[in-house]
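# Notes for the structure review
For reference, the chains in residue letters:
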Amino acid sequence: RPQSIYTKQMCEAFENPSTSRNELSSIIKKSADYHRNYLRKCMGGRGSDRLLFGLRMIALENNRPMHPFFTSKAYTFSSDFALSTSQMPFGVEDAPGFGAYSPNAYGCCYRFTSSDKIVAIITSRRFSNTEKDAERFTEVIKGALRDMYAALQKPSSNL
């Protein structure tokens, strides 16, 4: 979820055909470690993105005046996501989802199952006058997950 230099490096490595499987595996693990540490910080109350979202929602839900910060160019730009995701806790068997945040975005709600599967519901706005296509995006995600799985597999031995 967090955009980081590690996520960027991982994407670039997958786009570079000369990147070895060992390099891909290492980069995936660095990106996952960064994400896991960021998530722990957020759970400990040190995630600024959720704090700002919460403050904005409190003002909206209570008909309070919005602080000018929330209409600033920087905040508006930093909160306009092309992809909005949410992971459901392990063990939740429902198949919830949510709509795309904006006409130019995708919404993706996902969960891991006890049978080693990932269930995801991906949405886009049908009549948004953009080229967003949830079915096509689903196929891209499947391909990316297969590529990551292959990069994390131990090489087979021919002994």
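You'll find the structure just up there.
What counts, and where the lines are drawn
Residues numbered from 1 in each chain as written. Predicted model: local features only at pLDDT ≥ 70, side-chain atom pairs only at ≥ 80, totals over all residues. Heavy atoms only, no water. Salt bridge = Lys/Arg side-chain N within 4 Å of Asp/Glu carboxyl O. Helix = DSSP H or I, 4+ residues; strand = E, 2+ residues; numbered from the N terminus. Buried < 20%, exposed > 50% of the residue type's maximum accessible area, 1.4 Å probe, protein only. Phe/Tyr/Trp six-rings, centres within 6.5 Å; stacked < 30°, edge-to-face > 60°. Expected span 1.5 Å × (residues − 1). Contact = heavy atoms within 4.5 Å. Polar contact = N/O pair within 3.5 Å; in protein donor to acceptor, adjacent residues only side chain to side chain. Patch = residues over 30% accessible without salt bridge, like charges linked within 9 Å, V, L, I, M, F, W, Y side chains within 5 Å. Areas by Shrake-Rupley, 256 points an atom, 1.4 Å probe, with all protein chains shown as cover. Pairing = 2+ DSSP bridges. Axes fitted to C-alpha atoms, helices over the stretch in contact; angles between N-to-C directions. Parallel < 35°, antiparallel > 145°, perpendicular 65-115°, else oblique. Left-handed = near helix turned anticlockwise from the far one by under 90°. Nonpolar A, V, L, I, M, F, W, Y, C, P; charged D, E, K, R; others polar.

Our next topic: the pattern of salt bridges. One pass over the structure, following the stated rule, counts three salt bridges. Put simply, Glu12 and Lys8 hold a salt bridge, and the shortest N to O gap is 2.6 Å. One end of the pair, Glu12, and the other, Lys8, are both in helix α1 (residues 5–15), four residues apart, so they sit about a helical turn from each other. Using a relative accessible area of 43% as the deciding quantity, one classes Glu12 as partly exposed. Among the salt bridges present, the one from Glu139 reaches Lys142, with a minimum N-O distance of 3.3 Å. Of this pair, Glu139 and Lys142 both sit in helix α5 (residues 134–152), three residues apart, which is roughly one turn of that helix.

Right, let's talk about the packing of aromatic side chains for a bit. With the rule as written, the count across this model stands at seven aromatic pairs. The interplanar angle of 75° and the centroid separation of 5.4 Å between the aromatic rings of Phe69 and Phe70 together place this pair among those described as edge-to-face. Assessed through its relative accessible area of 36%, Phe69 is described here as partly exposed. Between Phe70 and Tyr75 the ring centres are 5.1 Å apart and the planes differ by 90°, which places this aromatic pair in the edge-to-face class. Of the aromatic side chains, those joined through ring pairs into one cluster are Tyr6, Tyr34 and Tyr38.

Next up on the list: α5. With 19 residues, α5 extends 27 Å between its outermost C-alpha atoms, agreeing within 8% with the 27 Å of an ideal straight helix rising 1.5 Å per residue. Looking at the buried positions of α5, the neighbouring elements they touch are α1, α2 (21–43), β1 (83–87), β2 (106–112) and β3 (118–124). The N-terminus of α5 is capped by Asp133, whose side-chain oxygen sits 3.0 Å from the backbone nitrogen of Glu135.

Time to look at a nonpolar patch on the surface. A cluster of nonpolar side chains, Phe112, Ile118, Ile141 and Leu145, forms an exposed patch at the surface whose accessible area comes to about 310 Å². For Ile141, a relative accessible area of 31% puts it in the partly exposed group.

Pairing is mixed across the open sheet formed by three strands, whose spatial order is β1-β2-β3. Either end of the sheet is taken by a strand with one partner, and the two such strands are β1 and β3. Strand-to-strand twist across the sheet, computed as the mean angle between neighbouring axes with direction ignored, equals 15°. Where β1 lies against β2, five bridges are found, and the strand directions are parallel. Bridge pairing in β2 links Ser84 to Gly107.

This part is about the packing of α1 against α2. At a closest axis distance of 9 Å, the pairing of α1 and α2 adopts a crossing angle of 155°. By the angle between their axes, α1 is roughly antiparallel relative to α2. Crossing hand, α1 versus α2: left-handed. Two secondary-structure elements touch here, α1 through Tyr6, Thr7, Gln9, Met10, Ala13 and Phe14 and α2 through Leu24, Ile27, Ile28, Lys30, Ser31 and Tyr34. A breakdown of the residues in the contact of α1 with α2 according to their chemical character gives eight nonpolar, three polar and one charged.

All right, on to unusual backbone geometry then. Non-glycine residue Asn63 carries a positive phi angle of around 50°. The topology assignment puts Asn63 in the loop between α3 (48–61) and α4 (73–78).

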